[in-house]
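Structure assessment
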Amino acid sequence: MATQAKATNISKAKAPKSAARKPKAKESSQVFIWQGTDRRGNSTKGEVTGSSLALAKAELRRQGIIHTKIRRKPKPLFGEKQKKITAMDITIFTRQLATMMKAGVPLVQSFDIVADGLENPSMGKLVREIKIEVESGNSLGGALRRHPKYFDDLFCSLVSSGEQSGALESMLDRVATYKEKTEALKSKIKKAIKYPVAVIVVAFIVTAILLIKVVPTFQELFEGFGADLPAFTLFVIGISDWMQAYWFMLIGAIAVAVFAFKEANRRSQAFSDAVDRLVLRFPVVGNILFQATVARYARTLSTTFAAGVPLVDALDSVAGATGNVVYRNAVNYIKEEVAAGQQLQYSMKATGVFPAMAVQMVAIGEESGALDSMLDKVANYYEEEVDNAVDGLTSLMEPMIMAVLGILVGGLITAMYLPIFQLGAVV
């Protein structure tokens, strides 16, 4: 009994010491530069990542490399410039991870393979951070939620749903397809918007160069004529004089206007909503944005519903993915109607913002029990319509560019040569 009491006292005495132990801080990964020979004896060099020099050497031995030199990679003098992680980087990561999982590669090992193949170092660092979270016992969905800047709620919810159902590889494939389709649609919209903007910018630059550099040369020539100049020529000379004197004010006004528009669009919800409503009324471009929004709605709802998400919850995710206040309000109305027991087709029709074809396809999907398949067909149809509209806009804008530049340049040249023609007629 005395021995047992003594052992108990000893264990109690040791308890505070063990409890006082602090958990080791998580070591950050470092990059090491190495030189050595491979299994065939060929000289080689490269980089390896590890939390310490010893672990980096162990990784090289595991790869069958005999290193002769290894050192920590020096940091740039002015700091390392981090490359921005884009939505396309996330899309590529999702597709590669889905491919690795479908091939039977374990999840943790898939992270290593994907990280090594990524061209963006920042994205590779992000993938390794996610890998560390998964290795520590966190779920993939939970690890992704720690990076909300790159993985939204819809992405994380779908991945978590795949983990819970035991079909993570198929869910990752579905998410990758969704991201690819979405990014392709975004690129088409940007192309449709950038083209008219490019025409305006080019026309402005050409006109400014002519007014500031070319017109003053003719103005000096006209001063020796000693005759009255045509009204059109005087008008152009007046614009030229103003541009030479206040060109910096014009550039400043444009810069302030652009900055003010961006800030108002970011800070004021009412202003942002007004812009969303206005762009849908633009000729040609508004129709492209309308079709793109319908395609995005159908694609997102199809993906979430096929993943087993309840329709009301799926509509909640779709509302934030539409990208336009008109359709966001419409989807919120649809969600309330569906939650009250109304069918999706009638709720969509009641909003008055969805095309009849989309409503009919949803009706067929509800009646046949293949709603996700029908929504996918709707998304494919309108994505193809957007593609055709963008190609048509590109073909239309090419002659318009020539016409606009021709009118501007031709008008300025006519204004400058008009006094010379009149002088020749007098002689």
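Here, the structure is the one placed above.
Residues numbered from 1 in each chain as written. Predicted model: local features only at pLDDT ≥ 70, side-chain atom pairs only at ≥ 80, totals over all residues. Heavy atoms only, no water.

**Things to note about the sheet that holds strand β3 (residues 66–72)**
Put simply, the rule is: Strands are labelled as partners when DSSP assigns at least two bridges between them. Runs of H or I in DSSP of at least four residues are treated as helices and runs of E of at least two as strands, each being numbered from the N terminus. Structural elements are reduced to axes, namely lines fitted to C-alpha atoms, with helices fitted over the stretch in contact, and the angle between N-to-C directions of any two is expressed from 0 to 180 degrees. Contacts between residues were defined by any pair of non-hydrogen atoms, one from each residue, lying within 4.5 Å.
Read from one edge of the open sheet, 3 strands run β2-β1-β3, paired in antiparallel fashion. Either end of the sheet is taken by a strand with one partner, and the two such strands are β2 (43–50) and β3. Here the average twist between neighbouring strands, direction ignored, is 25°. For strand β1 (residues 30–37) and β2, the ladder comprises 8 bridges, and the chain directions are antiparallel. Directly across from Gln35, in β2, lies its bridge partner Lys45. Together, β1, β2 and β3 form the strand contacts of helix α2 (residues 53–62), whose direction differs from that of β3 by roughly 150°.

**Side note on a nonpolar patch on the surface**
Threshold: Like-charged residues within 9 Å of one another, or nonpolar side chains (Val, Leu, Ile, Met, Phe, Trp, Tyr) within 5 Å, are grouped into patches, provided each residue has over 30% relative accessible area and no salt bridge. All accessibility values rest on the Shrake-Rupley procedure with a 1.4 Å probe; residue burial counts only the protein chains present in the view. Here, a salt bridge means any Lys or Arg side-chain nitrogen found within 4 Å of an Asp or Glu carboxyl oxygen.
A cluster of nonpolar side chains, Ile193, Val197, Val201, Phe204, Ile205, Ile209, Ile254 and Val258, forms an exposed patch at the surface whose accessible area comes to about 650 Å². Breaking the nonpolar patch down by element, the ones donating at least two residues are α8 (168–222) and α9 (231–267). Top element by residues in the nonpolar patch is α8. It accounts for 6 residues. Here Val197 shows up in helix α8.

**What to know about the side chain of Ser240**
Residue position: Ser240 is located in helix α9. Discounting residues that sit within four places of it in the chain, Ser240 has contacts with Leu211, Val215 and Pro216.

**A word on the environment of Gly352**
Mapped onto the elements of the fold, Gly352 is located in the loop between α14 (344–351) and α15 (356–368). Placed 22 residues apart in sequence, Gly352 and Ala330 show a C-alpha to C-alpha distance of 8.6 Å.

**What to know about a positive patch on the surface**
Rules: In this charge count, Lys and Arg are treated as positive and Asp and Glu as negative; neither His nor the chain ends contribute. Every charge is mapped to an atom, namely NZ of Lys, CZ of Arg, CG of Asp or CD of Glu. Note on exposure labels: buried denotes an accessible area under 20% of the residue type's maximum, exposed denotes more than 50%, and partly exposed covers the range between, all computed with a 1.4 Å probe on protein chains only.
Taken together, Lys84, Lys149, Lys190 and Lys194 make up a surface patch of like positive charges. Considering the arrangement of structural elements, one finds Lys149 in the loop between α6 (140–145) and α7 (153–165). Since its relative accessible area comes to 71%, Lys149 is described here as exposed.

**A few points about the side chain of Gln291**
As for its placement among the helices and strands, Gln291 is situated in helix α11 (residues 285–306). Excluding its chain neighbours within four sequence positions, the residues that come into contact with Gln291 are Tyr382, Glu385, Val386 and Ala389.

**Side note on the packing of aromatic side chains**
For clarity, the cut-off: A pair of aromatic rings is counted whenever rings of Phe, Tyr or Trp (Trp by its six-membered ring) have centres within 6.5 Å, and the orientation is called stacked for planes under 30 degrees apart, edge-to-face for over 60 and tilted otherwise.
For the coordinates displayed, the defined rule picks out 10 aromatic pairs. Between Phe218 and Tyr417, the ring centres sit 5.3 Å apart and the planes meet at 65°, which makes this aromatic pair edge-to-face. Taken together, the residues span a long stretch of sequence, with Phe218 in helix α8 and Tyr417 in helix α16 (residues 371–426) at a distance of 199 residues. Phe218 gets classed as buried once you look at its relative accessible area, which sits at 16%.

**Thoughts on α7**
Put simply, the rule reads: The span you would expect from a helix comes to 1.5 Å times its residue count less one.
Along its 13 residues, α7 runs 18 Å from first to last C-alpha, staying within 8% of the 18 Å computed at 1.5 Å per residue. The complete set of buried residues in α7 reads Leu154, Phe155, Cys156, Leu158, Val159, Ser160, Ser161 and Gly162. In the core, the buried residues of α7 are packed alongside α3 (87–102), α6, α8, α11 and α12 (311–321). A positive phi of about 75° marks Gly166, the residue just after α7.

**Quick look at α9**
Put simply, the test is: Here the bend at a residue means the angle between the axes of two seven-residue stretches, the one that ends at it and the one that starts at it.
Between the first and last C-alpha of α9 there are merely 46 Å, a value that for 37 residues lags more than 12% behind the 54 Å anticipated at 1.5 Å per step. Of all the bends in α9, the greatest measures close to 75° and is centred on Tyr246.

**A closer look at the pattern of salt bridges**
Within this structure, the stated rule accounts for 13 salt bridges. Here Arg95 makes a salt bridge to Glu180, at a shortest N to O gap of 2.8 Å. One end of the pair, Arg95, is in helix α3; the other, Glu180, is in helix α8, and 85 residues separate them in sequence. Assessed through its relative accessible area of 33%, Glu180 is described here as partly exposed.

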